[in-house]
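Fold and contact review
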Amino acid sequence: MPKPTSKPSAASRKRPSVRALRGTVFVTRQVHFNAAHRLHNPTKSARWNAEKYGLCNNPRWHGHNYVLEVTVAGEPDPETGYLFDLGELKHLLEERIVKPCDHRNLNEEVPFLRDVIPSTENLVIAFWQELEPRIPRGRLHSIKLYETPRNYAEYRGPNPAL
Ligand code: NI
């Protein structure tokens, strides 16, 4: 048996290093907001709107507890092991989506939704357009918006990979 030694071993004297792992990772952040809306096409008649949208056309509005999931894809930064700082994405979502939409009327109070029928489908496209140019690292992969726990719409950009 070799005697225990207090000298550092060859391995521990080696310069510290990190091994960067390559691969595309999908990182998701979830946020919540509550908002009122009305599904209504002002270019159509009251009757057309009532037939198309039913209760969702209520002129006195109705609300949803929205859940938004934003997924960014990319390779981890070799220095941090992160795709990006999740705090940065959290801040971006708060500033661009939650603050303008939370406790608001989506038809009337959100500048980037002006003249848009605020269906879940249209909302995911509008949110994409707000967020995509501002993603700090990687690329925006998908936006999912739950209007109820059972109904959601997903958008993967204008040219989604099939
Ligand atoms: Ni609704």
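This text gives an overview of the structure that appears in the document. (Residues numbered from 1 in each chain as written. Predicted model: local features only at pLDDT ≥ 70, side-chain atom pairs only at ≥ 80, totals over all residues.)

The phi dihedral of tryptophan 61 falls on the positive side, at around 75°, and the residue is not glycine. Along the chain, the position of tryptophan 61 falls in the loop between helix H2 (46-53) and strand S2 (62-74). Within the chain, histidine 103 stands out as a residue other than glycine whose phi angle is a positive 60°. (Helix = DSSP H or I, 4+ residues; strand = E, 2+ residues; numbered from the N terminus.)

Among the nonpolar cores identified, the biggest contains 22 residues, and Leu68, Val70, Cys101, Val124, Phe127, Ile143 and Leu145 are the most heavily contacted of them. Listed by contribution, the elements that provide at least two residues to this core are strand S1 (25-37), S2, helix H3 (86-101), helix H4 (120-131) and strand S4 (139-148). The contacts of phenylalanine 127, once residues within four sequence positions are left out, are Leu68, Ile97 and Ile143. (Core = buried A, V, L, I, M, F, W, Y, C linked by C-beta atoms within 7 Å. Buried ≥ 20, exposed ≤ 12 C-beta atoms within 10 Å, placed from the backbone. Contact = placed C-beta atoms within 7 Å.)

This part takes up H2. Counting buried positions along H2 gives zero out of eight residues, so the element sits mostly on the surface. At the C-terminal side of H2, glycine 54 shows a positive phi close to 55°.

Read from one edge to the other, the open sheet built from five strands follows the order S3-S1-S2-S4-S5, with strand pairing classed as mixed. The open sheet has two edge strands with one neighbour each: strand S3 (104-105) and strand S5 (151-155). Pairing between S4 and S5: five bridges, direction antiparallel. Bridge pairing in S5 places tyrosine 146 opposite tyrosine 152. Packing of H3 onto the sheet brings it into contact with S1, S2 and S3, and relative to S1 it is tilted by some 20°. (Pairing = 2+ DSSP bridges. Axes fitted to C-alpha atoms, helices over the stretch in contact; angles between N-to-C directions.)

Looking now at the environment of aspartate 85. By secondary structure assignment, the location of aspartate 85 is in the loop between S2 and H3. By the C-beta count within 10 Å, which is 13 here, aspartate 85 ends up partly exposed. Taking the C-alpha atoms as reference points, aspartate 85 and glycine 54, separated by 31 residues in sequence, lie 43 Å from one another.

Both S1 and S2 contribute to a ladder of 13 bridges, which runs antiparallel. What sits directly across from glutamine 30, in S2, is glutamate 69. Two elements, S1 and S3, share two bridges in a ladder whose sense is parallel. Residue pairing across strands places alanine 35 opposite arginine 104, the latter belonging to S3.

Running from amino to carboxyl end, H3 crosses H4 at an angle of 125°, the nearest separation of the two axes being 10 Å. Accordingly, the angle class assigned to the pair H3 and H4 is oblique. Crossing geometry of H3 relative to H4 is assigned as right-handed. Only Phe127, Glu130 and Leu131 of H4 make contact with H3, whose side of the interface consists of Leu92, Arg96 and Ile97. Its residues assigned to classes, the contact of H3 with H4 shows four nonpolar, no polar and two charged. (Parallel < 35°, antiparallel > 145°, perpendicular 65-115°, else oblique. Left-handed = near helix turned anticlockwise from the far one by under 90°. Nonpolar A, V, L, I, M, F, W, Y, C, P; charged D, E, K, R; others polar.)

With 12 residues, H4 ought to run about 16 Å at 1.5 Å a step, and its terminal C-alpha atoms sit 16 Å apart, in line with that. In this structure, the buried side of H4 is in contact with S2, H3, S4 and S5. (Expected span 1.5 Å × (residues − 1).)

Scope: geometric values only; no functional claims are made or implied.
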